[in-house]
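Reading the structure
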Amino acid sequence: MTRKTRLLLILAFFSFLATDLPSAGQVPEPAAPSSLKTFFTVRSAQPDDTLPPEIRKEFEKDDGSPLRSVAVDLDGNGKEEKFVLCGVPSAAGGPQWLVYDPATGPTRGIVVGTIVFIARESDDGYPKLETYWMQGGAMSVVFRYKYARGRYGRIGTRAMTLWETSEYFRAKPPLDLDKELVEIK
């Protein structure tokens, strides 16, 4: 066997091994477990006539339109809290959601956004929340919320350009709008 033939065989062997690898022969990192537990959007909100009228006073503004809600067991106690959607946007521009505990009665704060992301990480037994919405034009906004002293409070704000928004969603697990409120693996 000539030196040239041996070299061609070695190159062919390594080419064969590299066919199962992504482009440029790079091995992808194992997928990190998602920090998101689930998510929902305004389209998940259903009419809810079980809500007491006095919770309307918690919204920044309210037009009296029928309230809609999304039920989620936030604290893992087997009883669902409700995200109550108001018909009037917040002063920041996004949809207002009142976090309400129908079992015990207290409200747990207002969050603002079209998409509500519920994290696996928690504070005081309640998950961290992140919300997203388009502000208008080429700008979108993300708010981060933390639970403390019985209420959700905003702990961070990020205004993003279209490119930054694209990168923001690229870093999230794929969001299937037909699987809202389904646990993300």
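The structure reproduced in this document is the subject of the present report. Every chain is numbered on its own, with residues counted from 1 as its sequence reads. At least 70 in pLDDT is required for a residue's local features to be given in this predicted model, at least 80 for side-chain atom pairs to be given and counted, and no such filter applies to totals for whole chains, interfaces and linings, which use all residues. Side-chain calculation: all heavy atoms of the structure are included, whereas hydrogens and water are not.

1. Some thoughts on the environment of L67
With respect to the element layout, L67 can be found in the loop between β2 (46-47) and β3 (68-72). Considered as a pair, L67 and L51 are 16 residues apart in the sequence and their alpha carbons are 7.8 Å apart. Helix and strand assignments follow DSSP, with helices taken as H or I runs no shorter than four residues and strands as E runs no shorter than two, numbered in order from the N terminus.

2. Quick notes on the sheet that holds β3
In this description, strands pair whenever DSSP reports at least two bridges between them. One open sheet accounts for 5 strands, arranged β2-β3-β4-β5-β6; its pairing is antiparallel. Edge positions in the sheet fall to β2 and β6 (107-112), since each has one partner strand and no second. One ladder, built from 4 bridges, connects strand β5 (residues 96-100) with β6; its direction is antiparallel. Residue pairing for β6: W97 is matched across the bridge by V111.

3. A short note on the pairing of β3
In terms of strand pairing, β2 meets β3 through 2 bridges, oriented antiparallel. By the bridge assignment, P47 is partnered in β3 with R68. One ladder, built from 5 bridges, connects β3 with strand β4 (residues 81-85); its direction is antiparallel. By the bridge assignment, S69 is partnered in β4 with V84.

4. A short note on the sheet that holds strand β10 (residues 151-160)
Sheet strands associate in pairs through backbone hydrogen bonding, adopting either a parallel or an antiparallel arrangement. Strand order in this open sheet of 5 strands is β1-β7-β8-β9-β10, and the pairing throughout is antiparallel. Edge positions in the sheet fall to β1 (36-41) and β10, since each of these pairs with one other strand and no more. Each adjacent strand pair in this sheet contributes to an overall mean axis angle of 25°, direction not counted. In terms of strand pairing, strand β7 (residues 115-123) meets strand β8 (residues 126-136) through 6 bridges, oriented antiparallel. What sits directly across from V116, in β8, is T131. To get an axis, a line is fitted to the C-alpha atoms, and for a helix only the part in contact is used. The angle between two axes follows their N-to-C directions and goes from 0 to 180 degrees.

5. Side note on the pairing of β10
Examined bridge by bridge, strand β9 (residues 139-148) and β10 share 9 bridges and lie antiparallel to one another. Within the sheet, the bridge partner assigned to A148 lies in β10 and is R151. Joining the antiparallel neighbours β9 and β10 is a turn of 2 residues, in which R149 adopts a positive phi near 55°.

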